[in-house]
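Chain by chain, the residues run as shown.
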There are 2 protein chains.
Amino acid sequence: MEKQELNKLDAQSGTQAIARGDITAAELTAACLERIDDRERAVGAWQFLDRDLIDTQVKHLDGLPKDVRGQLHGLPVGIKDIYDTYDMPTGYGSEIYTGNRPPWDAAAVARLRAAGAVILGKTVTTEFAYWKAGKTCNPHDISRTPGGSSSGSAAGVADFMMPLAIGSQTVASTMRPASYCGVVGFKPSFGRISLAGVKPLAGSLDTAGVFARSVSDAALIAGVMAGRTDWNGEARTDSPSLRIARTPDWDQVSPEALKAFEGAVSGLRSAGANVLDDAAPEPFKPLSSAQNTMLAFEAAREFSSEWLHCRKRLSPQISDLIEEGLAIGPDRYEHAVRERNHALQALEDLFAGADVLLAPSTLAEAPPIKEGTGDPLMSRAWTLLGLPSISLPCGKGPAGLPLGLQVAARPGHDRRLIAAAQWIEARLT
Amino acid sequence: MEKQELNKLDAQSGTQAIARGDITAAELTAACLERIDDRERAVGAWQFLDRDLIDTQVKHLDGLPKDVRGQLHGLPVGIKDIYDTYDMPTGYGSEIYTGNRPPWDAAAVARLRAAGAVILGKTVTTEFAYWKAGKTCNPHDISRTPGGSSSGSAAGVADFMMPLAIGSQTVASTMRPASYCGVVGFKPSFGRISLAGVKPLAGSLDTAGVFARSVSDAALIAGVMAGRTDWNGEARTDSPSLRIARTPDWDQVSPEALKAFEGAVSGLRSAGANVLDDAAPEPFKPLSSAQNTMLAFEAAREFSSEWLHCRKRLSPQISDLIEEGLAIGPDRYEHAVRERNHALQALEDLFAGADVLLAPSTLAEAPPIKEGTGDPLMSRAWTLLGLPSISLPCGKGPAGLPLGLQVAARPGHDRRLIAAAQWIEARLT
C-alpha cells in the first residue's frame, strides 16, 4: 500500500489493514500528520495538536497484543474543542478558557480512547458551539465557510486529515458542516451519547455528533461512544420507505439545493424506494420557532457563570443570544416545550408509515466566510424532536460546492436510520 | 431581634429584615456560622467552608446600595459539592477529585451569587451523588442517616445552620433527605434548572433540587436558579384536587409511614380537599424498574473517564452500578425509554383531573447510618417522568424521627405544584 495515501483510507479499511499487519498505527497516523502539515495553513482545522502526545499514544497502541485491541484500534480521531480532554487544553472556542485544563476526559472521549483511537488533537469550534466562527475554511474553497459549529472536525475529515472526528449539534452543528464540506455527519437520537465533560449550550437540545467519509464509519465511531454494539451492522438489502419532510420552511430552500435534492429522490425512487410526499402535519408547523425559543432561554441559563464573571469577554453573537433568552418569559418557554411535546406525541403522523424522513441538509451550498457559518433552518425542528439524523453528500451547488441529503428516523431508531442511510448512500451517485 | 437566634430565621424573613435595616448580611451570616461552630462536629454537614471567602462576600453585599440588591440578598446558602464553584474546591464526594478547582461556577450557583446570596460553603454529598455515604449524620439523631445524596444540604438546613441549600435528584436525592431531616425539599420539573457545571450521574434523570424550611422559601431559591419569576407567588386559597398515587410499590411502605400519610390525607380531606384514590393505570407499573435500568446504563456512560483512568479509586457502590450498566444491552435500555415515553403519553390518566399527586416521601423514617442512605423507591417513577415534586414534613415515625409527604404535579406545572403544596403545608400540623 502506498504510504502517502494512507490518510485517504476510510476508518474500517484502516483498522483492518492494521489488524492484518499491513500497516501500523504509527504509519497511519504519520500519513494523517503529513497531510495536516501540507494543508493546515490553508484549512485551519486545528485548535491544538501535539506530536509528543500523539507519539506516546501510537507507541502504546502498536505495542498492544492483538487480543486486547479495541474497535477503533489505531484510528486517528479529531475532537471538537468543546469536549474536555485530560491531557490537552480545552478552550470551548472562547478566549475566556484559553489554556483551560480539565481534570477528566469527556465521557465520549474516554470511550474512544478505551476503544484504541488515537486522539489526534482538538478541532476548531465556533465560540461555545454557537455562531462566532473560528479560523477554519472550507477545504473545497477556502473563501467559503466550512459551516459551524463543528467546523474543524468536518473540514479535517473532508480534507483527509483524519478518517473520523467528533462534534455536536444543538441546532444544525453536525448536519450543516457535514453538508458544506461534503462528508457524512451523524447525530444520534437525543441522549444516547453522554455529554459529561462537554460544555453545554442548551441542555434540552445538545447532542453529540460524528463525521466520517461513509455511513458505516460514522456508525462505527458513534456506536463506540454510545456503547451500542447494534449500530455497526449491515446495510439493508430491501428498499426502504422514505417520506419527503415538507416542513413549513421548505420554500426557503434555494432552487439549486432543491434541484439536487429532487434529482437524488428521483434516483432513489428508480432504485426501488417507496417515496411518500405530502405536507407536514399541523403540530410540526411551530417547531422552528419553538426550537429558537428553547435555545435562547436555555443558553441564557447555561452561561450564567460567564455572564456574571466575565461578560465582557463574550462575543456579541453569544451576548445577543443570552440577552434574547433573558427577555423570554416563562410562559413563552413552557409554551415552546408544550409545542415540542405535542409534536412528539404526533410523531407517527409525521413518519406516516415511512422508515425515514428526507430533506435537503441546508438551504444552499456553503456561503462566503464573511457571511457567517450558514443558515441552520433545515435542522431546527429535527433537533428539537431529538430525531437521529444523517447528512449524506448529495450533488453540487452552482459554485461547485457540496450539498447534502438529510435523513432522519424516530427517536431511538438509530439502527433503522443507519441501515436506510447505507441503502441510500449506495444509490446516490 | 435576638442576634443569637438569627440563624433560625426563614429566608424571606431574613431578606426582609436586611431590607428594613434591622440586621445586616454580616449579622445573619455570623449567626449561621456560630451555629455551625456549635454543631458541625456532631452533624458533619460541610465539605468545605472558608471564613475569609465568606467575609469578602458579606462585606461586598452589605456595601451594595439597596436599589441593586437581588432577591436573595444576604441569605446564606449551602451548595452540594457536586456543583462547581470558581472560588472553592469541588470534589464530587470522590477521592479522585479532592482539591479539584473548576474554572467556573455551576450556572445555578452563579445565579444565586447574582441574586445576592452568600455562598457559605460546600455541603457533603455521597460519592458522585450515588450511594457511598459521606460523614453527615441526621441532626435529629446522629446514629441515623440524613439520607442521600444531598446529605449535608438537608442536614444543615434542618439544623438551622443556614436557611437555604441546594442539592440534586437522580433517584430520590432531594425528596429522601428532606423527608429524613424534616425539611422542605423541592425538585422542579426535569430540565428547568441548568446543570452546567454539575457532575452528571445519569443525564436523562439528573435534576436540581433545593432545601428550605418552608415551601415559599424553597420556591424563592428555585425560582432564582431557574429564572422563573412566576414560581414565587401566593398560596392558593381554594382547596386543590389531590390524588393518592397508589403505585405498584405501595405495599412496601411501612405501616408507620402509611399511618402518618393517611392521617395527613384525612386532615386535608377535612380541610376541604377533594382526594381521589384508585390504583395507578397500567403504563405506570414498570416505571421503578425502567428507572433503575436507565440509571445504570447511563451511569456506565457518564463515568467513562473515571472507569478508564482511575477505576481503582471508585467505591464498590459506584463500580457495581457501572458494571450493572455495562451489562445492559441496547434493547433493554431502549425498552425502558419506551416504557417511560408510554407513561408520559398517559400522564393525564395518572392525574385523572387532580392538580397534584400524593404519596409518602419514603418507605419509613431514617435508618441507622450503618444501613446506608435509605431506600429511594418512592421517588423512582416520579423522577423518571420528570414530575416536579415537593416533600413536606409530615408526622413522626416510631423512633420519633421525621416523615415526609410527597406532592407532585405534571411536568412544567411547577407553579401549580408550589401553590398546592403551600395550601397543604398550611393545613398539616
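Details of the structure are given in the entry above.
All values derive from a computational prediction rather than experimental measurement. (Residues numbered from 1 in each chain as written. Chains lettered and ligands numbered in written order. Predicted model: local features only at pLDDT ≥ 70, side-chain atom pairs only at ≥ 80, totals over all residues. Heavy atoms only, no water.)

A. Region of interest: the overall build of chain A. The helix and strand inventory of chain A stands at 15 helices and eleven strands. Against the globule reference of 22 Å for 429 residues, chain A gives a C-alpha radius of gyration of 20 Å, in line with a compact fold. Taken over the C-alpha atoms alone, chain A extends approximately 60 × 60 × 40 Å along its principal axes. In chain A, which comprises 429 residues, the share counted as buried stands at 64%. (Helix = DSSP H or I, 4+ residues; strand = E, 2+ residues; numbered from the N terminus. Rg over C-alpha atoms; globule rule 2.2 N^0.38 Å. Buried < 20%, exposed > 50% of the residue type's maximum accessible area, 1.4 Å probe, protein only.)

B. View of the relation of the copies chain A and chain B. When chain A is brought onto chain B, the operation consists of a screw motion whose angular component is 180 degrees and whose axial shift is 0.0 Å, with 0.0 Å RMSD remaining. On the angle and the small slide along the axis, the relation comes out as a two-fold axis. Identified as the residue of chain A closest to the rotation axis by C-alpha distance is glutamine 345 of chain A, at 3.6 Å. (Least-squares fit on C-alpha atoms with pLDDT ≥ 70 in both.)

C. View of helix H4 (residues 107-114) of chain B. All names here are of chain B. In terms of residue burial, H4 counts as a mostly covered element, since seven of its eight residues are buried. Every buried residue of H4 is accounted for by Ala107, Ala108, Val109, Ala110, Arg111, Leu112 and Arg113. Count one or two residues on from H4 and you reach glycine 116, which has phi positive near 95 degrees.

D. A look at the packing of H4 of chain B against helix H7 (residues 215-226) of chain B. All names here are of chain B. As a packed pair, H4 and H7 sit with axes 8 Å apart at the nearest point and diverge in direction by 115 degrees. If you check the angle between H4 and H7, you find them roughly perpendicular. The crossing of H4 and H7 is right-handed. Residues Ala108, Arg111 and Leu112 of H4 form the contact with H7, whose participating residues are Ile221, Val224, Met225 and Ala226. In terms of residue class, the contact of H4 with H7 is built from six nonpolar, no polar and one charged. (Axes fitted to C-alpha atoms, helices over the stretch in contact; angles between N-to-C directions. Parallel < 35°, antiparallel > 145°, perpendicular 65-115°, else oblique. Left-handed = near helix turned anticlockwise from the far one by under 90°. Contact = heavy atoms within 4.5 Å. Nonpolar A, V, L, I, M, F, W, Y, C, P; charged D, E, K, R; others polar.)

E. Focus on the interface of chain A and chain B. Counting from both sides, the interface comprises 42 residues of chain A and, opposite them, 42 residues of chain B. Here chain A packs against chain B, burying approximately 3200 Å² in sum over the two surfaces, 54% of which is carbon and sulfur. Across the contact surface, chain A and chain B share four salt bridges. The partner of glutamate 334 of chain B in a salt bridge is arginine 192 of chain A, with the nearest N and O atoms 2.8 Å apart. Joining chain A to chain B, the criterion identifies 18 residue pairs in polar contact (both at pLDDT 80 or more). Among the secondary structure elements, those contributing two or more residues to the side of chain A that touches chain B are helix H4 (107-114), helix H9 (287-302), helix H10 (304-309) and helix H12 (330-345) of chain A. (Buried area = accessible area lost by both parts, 1.4 Å probe. Salt bridge = Lys/Arg side-chain N within 4 Å of Asp/Glu carboxyl O. Polar contact = N/O pair within 3.5 Å; in protein donor to acceptor, adjacent residues only side chain to side chain.)

Everything listed here is a matter of geometry and, on its own, says nothing about what the molecule does.
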